Amino acid sequence: MIQFDKVNKWYGDYHALVDIDETIAKGEVVVVCGPSGSGKSTLIRTINRLEAIDSGTIAFEGEDIHRRGVDLNRLRSRIGFVFQQFNLFPHLTVLQNCTLAPIEVGGARPAQAHEKAMALLDRVGLAHKANAWPAELSGGQQQRVAIARALAMAPPLMLFDEPTSALDPEMVGEVLLVMQGLARDGMTIVVVTHEMGFARDVAHRVLFMDQGRILERAEPHEFFNHPQHPRARQFLADIRTPFARPA
Amino acid sequence: MIDLIQTYWVYFLIGQYPQGPLGGVVLTVLLAALALLLAMPIGLALGLARVSPVAALRRPVTVLVYLVRGIPLLLMVFWIYFYLPTVTGHKTDQFTTMLVALVVFDGVYLAEIVRAGIQGVPKGQYEAARALGLSHARAMRRVILPQALRSMLPSLVNQFVSTIKATSLGYIIGLTEASFIASQINSQVLVHPTAVYLVLSLMYFLLCFCLSRFAFWLERRQARRDLPRPARSPGSPTASAASSA
């Protein structure tokens, strides 16, 4: 479904993505992890062109998406994106957040869009908040609305950029549960996350990144029990025992 | 002072109208209102051009903004009054001169207010809108501008207030607005300049004060809606129940 071919990206002199080659199949749930600054957010943001690339190609459903003249808005409406900071529209109600794209981009009739949005809100357990303002919701609820909003255009692919990193610990679970539900329904998902429990239980594959390169790709069981690359071993040791690291 | 007001209040309010041209306070209000009304869409368009991803739109408007901002309004009035006729071929009347000057001036200042308002909206809002597939124009119209306009309100009022006062520059080219009429009255009465100009000052103050209070009221109303106060949530009386399950 997604093919990276020799993808490179620079921020000035900084080589953010280095020769990325990767294929993500339809229905796959892929977790991207790695230390901060490793390029994982940059990587996921290139898939819907929130970030440009400097060389190589990225194909989505066979179409080179970084080519000039791509119908960017159509492409993006087919890729759901969930941000770390939720980015709900504060001047719109929860329901309006979820109907904006279907009405504006998809050309849906309001009644039809409402019905669909209510079904999605019900799916993330927030149908009763449809008329609330985003500011009235907890972080976990906001993120679940953001997921419903991203699903409103019925995209075949969902991208999550650290979806639980801005949440209080007690709200992480509710968001991960919604994501797990999506995975169970066969959605293709790419997640940048530090939630190793989610990676272990839900992901089909884990990509480990450091310094702009994918250093390791493995099934979760393999990755957690037999990490191959020394950087991956170090990373896993660090996140398991954050206080035990020698100074 | 009572005498003064009793004798001249009609003249102060409407000038020589209906025998002569409309003037006085009514002309001042009319000029300010028209200028703002016309400057608003121009300011919005220029402001959007200032943040446009299209350089061909952004650059000339940026130049225009810097140019107009660097010239006193008085000089702009002179340019329009004395130079414009050599281009158009006929004399620009005083009212049109002031109106054009104010519209250009306000348009540019409003453009900067609009730009600042747009850039004040968190970047994530634009990204989220684009990530959903909204075009730049739709993202602006449906997501960014509605939020930007709220934060712009205090600066907008500031600009409106200064426009009301700036109409007094019409005096220089003999436009019969309130300041001009007041000075006419003063030269007829001669002995009460303090009283005449006190009334004139009070008139400007009242206009600006009412506008400021109106804006303050708007702001308060807006703030009530923005605050996460679940009890006031329209249409969802149960929204306060904290449910993070």
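We now turn to the structure provided with this report. (Residues numbered from 1 in each chain as written. Chains lettered and ligands numbered in written order. Predicted model: local features only at pLDDT ≥ 70, side-chain atom pairs only at ≥ 80, totals over all residues. Heavy atoms only, no water.)

A word on the nonpolar core
Core analysis: the largest hydrophobic core is formed by 53 residues, its most contacted members being Ile2 and Leu157 of chain A. If you tally residues by element for this core, the top one is helix H7 (residues 136–166) of chain B, at eight residues. (Core = buried A, V, L, I, M, F, W, Y, C linked by side-chain atoms within 4.5 Å. Buried < 20%, exposed > 50% of the residue type's maximum accessible area, 1.4 Å probe, protein only. Helix = DSSP H or I, 4+ residues; strand = E, 2+ residues; numbered from the N terminus.)

Description of the pattern of salt bridges
Residue and element names in this part refer to chain A. With the rule as written, the count across this model stands at 21 salt bridges over all chains. Between Lys9 and Glu51 there is a salt bridge, with its nearest N and O atoms 3.8 Å apart. In this pair, Lys9 sits in strand E1 (residues 2–11) while Glu51 sits in the loop between helix H1 (40–46) and strand E4 (55–60), placing the two residues 42 residues apart along the sequence. Note that Arg217 is salt-bridged to Glu22, the shortest N-O span being 2.5 Å. (Salt bridge = Lys/Arg side-chain N within 4 Å of Asp/Glu carboxyl O.)

Quick notes on the pairing of strand E10 (residues 213–218) of chain A
All names here are of chain A. Here strand E9 (residues 205–210) pairs with E10 via five bridges, running antiparallel. Among the inter-strand pairings, Leu207 is bridged to a residue of E10, identified as Arg217. The hairpin formed by E9 and E10 contains two residues between the paired strands, and Gln211 there has a positive phi angle of roughly 50°. (Pairing = 2+ DSSP bridges.)

Focus: the layout of surface pockets
Residues and elements named next belong to chain B. There is about 350 Å³ of room inside the largest pocket. Taken together, 19 residues make up the lining of the largest pocket; nearest its centre are Lys123, Tyr126, Glu127, His136 and Met140. For the lining of the largest pocket, the secondary structure elements donating two or more residues are helix H5 (94–120), helix H6 (123–131) and H7. The biggest single contributor to the lining of the largest pocket is H6, with four residues. (1 Å grid on protein atoms, 1.4 Å probe; cavity = no way out; pocket = protein on both sides within 12 Å on 5 of 7 lines; lining within 4 Å. Points joined across faces, edges and corners; volume = space filled by probe spheres on them.)

As for the side chain of Lys40 of chain A
Residue and element names in this part refer to chain A. Its location among the elements puts Lys40 in helix H1. Buried and unpaired, Lys40 has no salt bridge, with Glu162 as the nearest side chain of opposite charge at 4.0 Å. Engagement of the side chain of Lys40 in a polar contact is seen with the backbone oxygen of Pro35, the distance being 3.4 Å. If we skip the residues at most four places from it in the chain, Lys40 touches Val32, Cys33, Gly34, Pro35, Glu162, Val192, His194 and Met209. (Lys, Arg positive; Asp, Glu negative; His and termini not counted. Polar contact = N/O pair within 3.5 Å; in protein donor to acceptor, adjacent residues only side chain to side chain. Contact = heavy atoms within 4.5 Å.)

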